[in-house]
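Survey of secondary and tertiary structure
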Amino acid sequence: MIPAYLAQSVRRSFSPSGRSGRTEVWVYLLAATLIGVLFSAITAWFLAPALSRWASLAVMLLIAIPVVSLVIRRFHDLDRSGWWSLALALGAVRLLILEILQGSLGWDARATAERLFTWVDWAVFPAFGLAYIVIIAWPGTKRENRFGPPDHLDRTGKQVP
């Protein structure tokens, strides 16, 4: 069943239409985290630290591509507009900028940017945190909503109406 949810997420990577349940989100996030950690460990072992950091960042960006559509579909499952995903996007963009700063200019540049923009953290993090908790914990609507029928898979990985 877990591979079926993961395959469904990857298959619909560029499709924000429809709905995605909590299980699909959990499975994809867990798999993406494991892949990212393993890749980072392998590159840290075989590559120079600077090259390893850039390679890990590139893989994390590739892994994150399906997350955009997945989060939009998850908000659809909650009968909310996909525009609510912008709260998560702001947090992700902040982290990406900090990672690029650290990779290109070093830890001191990242620390300086974090100190200068502490107020942004206070403005963005509550919305980011709330949106993240909602997409992983809040149950979706049980019946069909304006975005379509619930998106459930049975134990064999087949779509259940």
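Residues numbered from 1 in each chain as written. Predicted model: local features only at pLDDT ≥ 70, side-chain atom pairs only at ≥ 80, totals over all residues. Heavy atoms only, no water.

Glancing now at the pattern of salt bridges. Counting across every chain of the model gives 8 salt bridges. The residue Asp 79 makes a salt bridge to Arg 146 at a minimum N-O spacing of 3.1 Å. Of this pair, Asp 79 sits in the loop between α3 (49-77) and α4 (86-105) while Arg 146 sits in the loop between α6 (118-137) and β1 (152-153); the two residues are 67 residues apart in sequence, bridging distant segments of the chain. For Asp 79, a relative accessible area of 25% puts it in the partly exposed group. Residues Arg 110 and Glu 99 are paired through a salt bridge, measuring 2.7 Å at the closest nitrogen-oxygen approach. One end of the pair, Arg 110, is in helix α5 (residues 107-116); the other, Glu 99, is in helix α4, with 11 residues separating them in the sequence. For Glu 99, a relative accessible area of 22% gives the class partly exposed. (Salt bridge = Lys/Arg side-chain N within 4 Å of Asp/Glu carboxyl O. Helix = DSSP H or I, 4+ residues; strand = E, 2+ residues; numbered from the N terminus. Buried < 20%, exposed > 50% of the residue type's maximum accessible area, 1.4 Å probe, protein only.)

Taking 1.5 Å as the rise per residue, helix α2 (residues 22-46) with 25 residues should run 36 Å; its terminal C-alpha atoms sit 36 Å apart, in good agreement. Listing the buried residues of α2 in full gives Glu 24, Val 25, Val 27, Tyr 28, Ala 31, Ala 32, Gly 36 and Thr 43. (Expected span 1.5 Å × (residues − 1).)

The description of two aromatic rings rests on the distance between their centres and on the angle between their planes. With the rule as written, the count across this model stands at 1 aromatic pair. Taking the centre distance of 6.4 Å and the plane angle of 55° together, the rings of Phe 117 and Trp 119 count as tilted. (Phe/Tyr/Trp six-rings, centres within 6.5 Å; stacked < 30°, edge-to-face > 60°.)

Attention now moves to the nonpolar core. Grouped together as the largest cluster of nonpolar side chains are 14 residues, with contacts concentrated most on Tyr 28, Ile 63, Val 71, Phe 75, Leu 88, Ala 131 and Ile 135. For this core, the secondary structure elements donating two or more residues are α2, α3, α4 and α6. The greatest single-element share of this core, amounting to 5 residues, is contributed by α3. Apart from residues no more than four positions distant in its own chain, Ile 63 is found in contact with Tyr 28, Ala 32, Ile 35 and Gly 36. (Core = buried A, V, L, I, M, F, W, Y, C linked by side-chain atoms within 4.5 Å. Contact = heavy atoms within 4.5 Å.)

Moving on, we get to the side chain of Asp 77. Within the element layout of this structure, Asp 77 appears in helix α3. Relative accessible area serves as the criterion here: at 6%, Asp 77 is assigned to the buried category. Here the side chain of Asp 77 touches Arg 19 through a polar contact of 2.8 Å, side chain to side chain. With sequence-adjacent residues up to four places away left out, Asp 77 is seen in contact with Arg 19, Ser 20, Gly 21, Gly 140, Thr 141 and Asn 145. (Polar contact = N/O pair within 3.5 Å; in protein donor to acceptor, adjacent residues only side chain to side chain.)

For the rest of this paragraph, the subject is α6. Its 20 residues place the ends of α6 28 Å apart at the C-alpha level, agreeing with the 28 Å of an ideal helix rising 1.5 Å per residue. When the local axis directions of α6 are compared, the greatest deviation, roughly 35°, occurs at Val 124, which is followed within four positions by the proline Pro 126. All of the buried residues in α6 are Val 124, Gly 129, Ala 131, Ile 135 and Ile 136. (Bend = angle between axes of the 7 residues up to and from the residue.)

Time to look at the confidence of the model for the chain. The pLDDT averaged across the chain works out to 84; a share of 93% of its residues lies at or above 70. Ranking the helices and strands of the chain by mean pLDDT puts α2 first, with 90, and strand β2 (residues 159-160) last, with 56. (pLDDT = per-residue confidence, 0-100.)

What follows deals with the side chain of Gln 8. By the secondary structure assignment, Gln 8 is in helix α1 (residues 2-11). A distance of 2.7 Å separates polar atoms of two side chains, one belonging to Gln 8 and the other to Glu 24.

A contiguous nonpolar surface patch, about 720 Å² in accessible area, is contributed by Leu 38, Ile 42, Trp 45, Phe 46, Leu 47 and Leu 51. Of the residues forming the nonpolar patch, the biggest block, 4 residues, is contributed by α2. Using a relative accessible area of 48% as the deciding quantity, one classes Ile 42 as partly exposed. (Patch = residues over 30% accessible without salt bridge, like charges linked within 9 Å, V, L, I, M, F, W, Y side chains within 5 Å. Areas by Shrake-Rupley, 256 points an atom, 1.4 Å probe, with all protein chains shown as cover.)

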